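# A structural walkthrough
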Amino acid sequence: MRYHKIPDETIKRLPRYMRALLLLIKEGRETVSSGKFAELLRANPPQIRKDLSYFGAFGTPGVGYDTKRLFGQIQAILGLDSTPKAALVGLGNLGTALLKYPGFKAYGMHITAIFDSNPEKIGETVGDIKVENVLELSTLKGRNMSLGIITVPAPAAQEIADQLIAAGVNGILNFAPYYLKVPEHVKVITIDIAMELARLTYYLPTKT
Ligand code: NAD
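Residues numbered from 1 in each chain as written. Predicted model: local features only at pLDDT ≥ 70, side-chain atom pairs only at ≥ 80, totals over all residues. Heavy atoms only, no water.

## Concerning helix H4 (residues 67-78)
Taking 1.5 Å per residue as the helical rise, H4 with its twelve residues ought to reach 16 Å, and the 17 Å between its terminal C-alpha atoms agrees with that figure. Taken together, the buried positions of H4 are Thr 67, Leu 70, Phe 71, Gln 73, Ile 74, Gln 75, Ala 76 and Ile 77. Along its buried surface, H4 packs onto helix H1 (8-26), strand S1 (31-32), helix H2 (34-41), helix H3 (45-53), strand S2 (65-66) and helix H6 (103-106). Structurally, the start of H4 carries an N-cap: the backbone nitrogen of Lys 68 is 3.2 Å from a side-chain oxygen of Asp 66. Of the residues trailing H4, Gly 79 is marked for its positive phi of about 80°. (Helix = DSSP H or I, 4+ residues; strand = E, 2+ residues; numbered from the N terminus. Expected span 1.5 Å × (residues − 1). Buried < 20%, exposed > 50% of the residue type's maximum accessible area, 1.4 Å probe, protein only. Contact = heavy atoms within 4.5 Å. Polar contact = N/O pair within 3.5 Å; in protein donor to acceptor, adjacent residues only side chain to side chain.)

## With respect to the pairing of strand S4 (residues 110-116)
Burial analysis of S4 places five of its seven residues in the buried class, which makes it a mostly covered element. Here strand S3 (residues 85-89) runs beside S4; their pairing, made up of five bridges, is parallel. The residue of S4 that forms the bridge with Ala 87 is Ala 113. The pairing of S4 with strand S6 (residues 129-133) spans three bridges and is parallel. Note that in S6 the partner of Asp 116 across the bridge is Asn 133. (Pairing = 2+ DSSP bridges.)

Now the structure itself:
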C-alpha cells in the first residue's frame, strides 16, 4: 500500500523514527508512549503525533505505539517493505566502507550489485556479490533494481547516473561532489560529509 500527500518534511523524519523504533525493538519493548518516543528522539511530541497521524498511526491511549507495528507501517510508507534492491557503482574507499555497513538490511534495503571500472576489481567478490564491469551497467535492466548508489569520482558521476536511470533506477544516493542532472521522475539525494562539516563550524562558539 502506498500513501499519498505526506509532506516531504515528514518523510525526512520517518527514517529517524525507524532508527528509534529499531532500538526499542532490540531492547524488547513492545510499546512506547508518545512522550517516551519523543524523549528518545529529542523531538517534540505534537510534531511526532502529527507526522504519524498522516498514515493513521494514532497509538492507543494510555499504552502508546506498538513498536513493531509502527516500524512496519513506516517501512510500508517508505516502500521498504518491498525490499528495494540497490546497485553500488564505485568500489573504492567509500564504496567498500558502505558495503561493510550492516545497517542497510535492518531498514529492509539490499545492495545486490556492484560495478567498477578497474580491471583489478572486476570479478572479485564482496560478501556474495561479484563486482561487475561498469561497461555492463545496462544489464541492470530487468534485474528490478530501483536504487543506485554513486561512489565514483565526480567527473564520472553524471555518466553513471544517466546509465543507472536508463537501466530503470529511479532513486540515486549520490556521494560524489557533483550536481547531477536527472529527469523529473528520478529522486536524487546527495550526501556530502565535507559540506556538513563546513556547516557545523558556523555553530561553533566564536573565540574572542
Ligand atoms: P576512490 O578513488 O577510493 O574510489 C573510486 C572508485 O570508483 C574506484 O574503485 C574506481 O575504480 C571507481 N571508478 C572510477 N571511475 C569509474 C567509472 N567511470 N565507473 C565505475 N567505477 C569507477 O574514491 P573514494 O574515496 O571512495 O570516493 C568516491 C567518491 O565519493 C568521490 O566522488 C569522493 O569525492 C566522494 N566522497 C564523498 C564523501 C561524502 O561525504 N559524500 C566522502 C568521501 C568521498
